[in-house]
Amino acid sequence: MENLRTHSTTRVPFSVEFNPPRDADGEARLWRTVRQFERMHPAFVSMTYGAGGSTKDRTARITGQLAQQTTLLPVAHLTAVGHSVAELRTLVGSYADYGIRDILVLRGDPPGDPLGEWHKHPAGVTYAEELVRIVRDLGDFNIGVASFPQGHHRSPDLETDTAFLAAKLRAGADYSITQMFFDIEHYLRLRDRVIAYDPVEGAKPIIPELMPITSLRTVRRAVELSGRDLPATVLERLHKAAGDGPQENHEAVRAVGIEIATEMAQRLIDEGAPCLHFVTLNFAKATTQVLTNLGYEVTAAPQIRTRSRSVVANM
């Protein structure tokens, strides 16, 4: 595929998301991936929190290592699931001890079944808006929140969902990162809704999240857990690539998935997205290929640089 953009110093920045590894082998693979991306100078990297906050300690440790042992700007995830306010404050303090000032605040999904009933901790909080206020009161942090192009699956309608996002931004959030999506129109309409609802808060960056598909089975499961469906046009292309055999044609699915991600990324760039945030599943190859297709420099030598003050400053 031809490069869709030529190199430019004003290129739209990109960022990547990592997941806490499950074991020593997974951690070694994560660090190999971290070093590959470090050469490419993403605007920031984020480390997820695990289902139901299940990897809290590992998340905090590795995020701290990213802050202290790399040139990357790490964004720590923080969820309300299963935590008292006191525990949440302690965790924010541990991030601050590592020198981390960027936190992505999420209410989080219930452990076990992300689509199951959500239960507040007896001494915790109910909404992400409350968690934003807690972090904001604890110090000079740069705070991100989640946004949902199709609306959160628990929201009764898009108007209510927009009101929740605006409330999080008004509480002190500086930007949002969307849930993964595969229809650009959903992202564009989300932007329109927030601006119409609150022009001031709507001016804050809404960063689109993309996942280069490398497995039909994996992406279908990921989308299912979000309470959404793959668009019919995307599913048709993937099914065609997968073939009719008992096992999907992984190489063909991967090629089509990278093609779809490249097309989406280019459209988002054309529509003025402030940054491209890639779900990596702790692998670098697929995201690197998308960036190569877009004309990004992916073989630059490592360089020592001073971290920007915040995620927003890097966009």
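Conventions we followed
- Residues numbered from 1 in each chain as written.
- Predicted model: local features only at pLDDT ≥ 70, side-chain atom pairs only at ≥ 80, totals over all residues.
- Heavy atoms only, no water.
- Helix = DSSP H or I, 4+ residues; strand = E, 2+ residues; numbered from the N terminus.
- Buried < 20%, exposed > 50% of the residue type's maximum accessible area, 1.4 Å probe, protein only.
- Pairing = 2+ DSSP bridges.
- Right-handed = clockwise from strand over helix to strand, strands pointing away.
- Contact = heavy atoms within 4.5 Å.
- Axes fitted to C-alpha atoms, helices over the stretch in contact; angles between N-to-C directions.
- Parallel < 35°, antiparallel > 145°, perpendicular 65-115°, else oblique.
- Left-handed = near helix turned anticlockwise from the far one by under 90°.
- Nonpolar A, V, L, I, M, F, W, Y, C, P; charged D, E, K, R; others polar.
- pLDDT = per-residue confidence, 0-100.

It is worth spelling out unusual backbone geometry at this point. Positioned with a positive phi, His41 is a non-glycine residue whose angle comes to about 55°. Here His41 shows up in the loop between helix H1 (24–38) and strand S2 (45–47). For Leu281, which is not glycine, the phi torsion reads 55° and is therefore positive. Locating Leu281 in the fold gives a position in the loop between strand S9 (276–279) and helix H11 (285–293). By relative accessible area, which is 36% here, Leu281 ends up partly exposed.

Attention now goes to the pairing of strand S3 (residues 74–79). Among the 6 residues in S3, 6 count as buried, and that is most of the element. Going residue by residue along S3, you find Pro74, Ala76 and Leu78 tucked away on one face and Val75, His77 and Thr79 tucked away on the opposite face as well. Note: S2 against S3, 3 bridges, orientation parallel. The residue bridging Ser46 from the neighbouring strand is Val75, located in S3. As defined by bridge partners, S3 adjoins strand S4 (residues 102–106) across 4 bridges and the pair is classed as parallel. Each residue of the ladder has a partner; that of Leu78, found in S4, is Val105. You can see the chain leave S3, run along helix H3 (residues 85–97) and come back into S4, and the turn it takes is right-handed.

What follows concerns the sheet that holds strand S8 (residues 209–210). Read from one edge of the open sheet, 9 strands run S7-S6-S5-S4-S3-S2-S1-S9-S8, paired in parallel fashion. Two strands bound the open sheet, and with one partner strand each, they are strand S7 (206–207) and S8. Of the strands in this sheet, S3 and S4 are in contact with H3, which crosses S3 at around 170°. Packing against the sheet, helix H5 (residues 158–170) makes contact with strand S5 (142–147) and strand S6 (175–178), and its axis sits at approximately 175° to S5.

Here helix H10 (residues 250–270) crosses H11 at 50°, and the two axes come no closer than 9 Å. Here H11 runs oblique to H10, going by the angle between their axes. H11 is crossed by H10, and the crossing has right-handed handedness. Residues Arg254, Ile258, Ala261 and Thr262 of H10 pack against Lys285, Ala286, Gln289, Val290 and Asn293 of H11. Residue classes in the contact of H10 with H11 are distributed as 4 nonpolar, 3 polar and 2 charged.

Per-chain confidence: the protein averages 88 in pLDDT, with 88% of residues scoring 70 or above. This stretch, residues 1–9, has a pLDDT under 50; its non-local contacts, to residues over four places away or in other chains, come to 22 contacts.

The next subject is the side chain of Glu27. Turning to its location among the elements, Glu27 is positioned in helix H1. For Glu27, the contacting residues outside a window of four places in its chain are Pro21, Arg61, Ile62 and Gln65.

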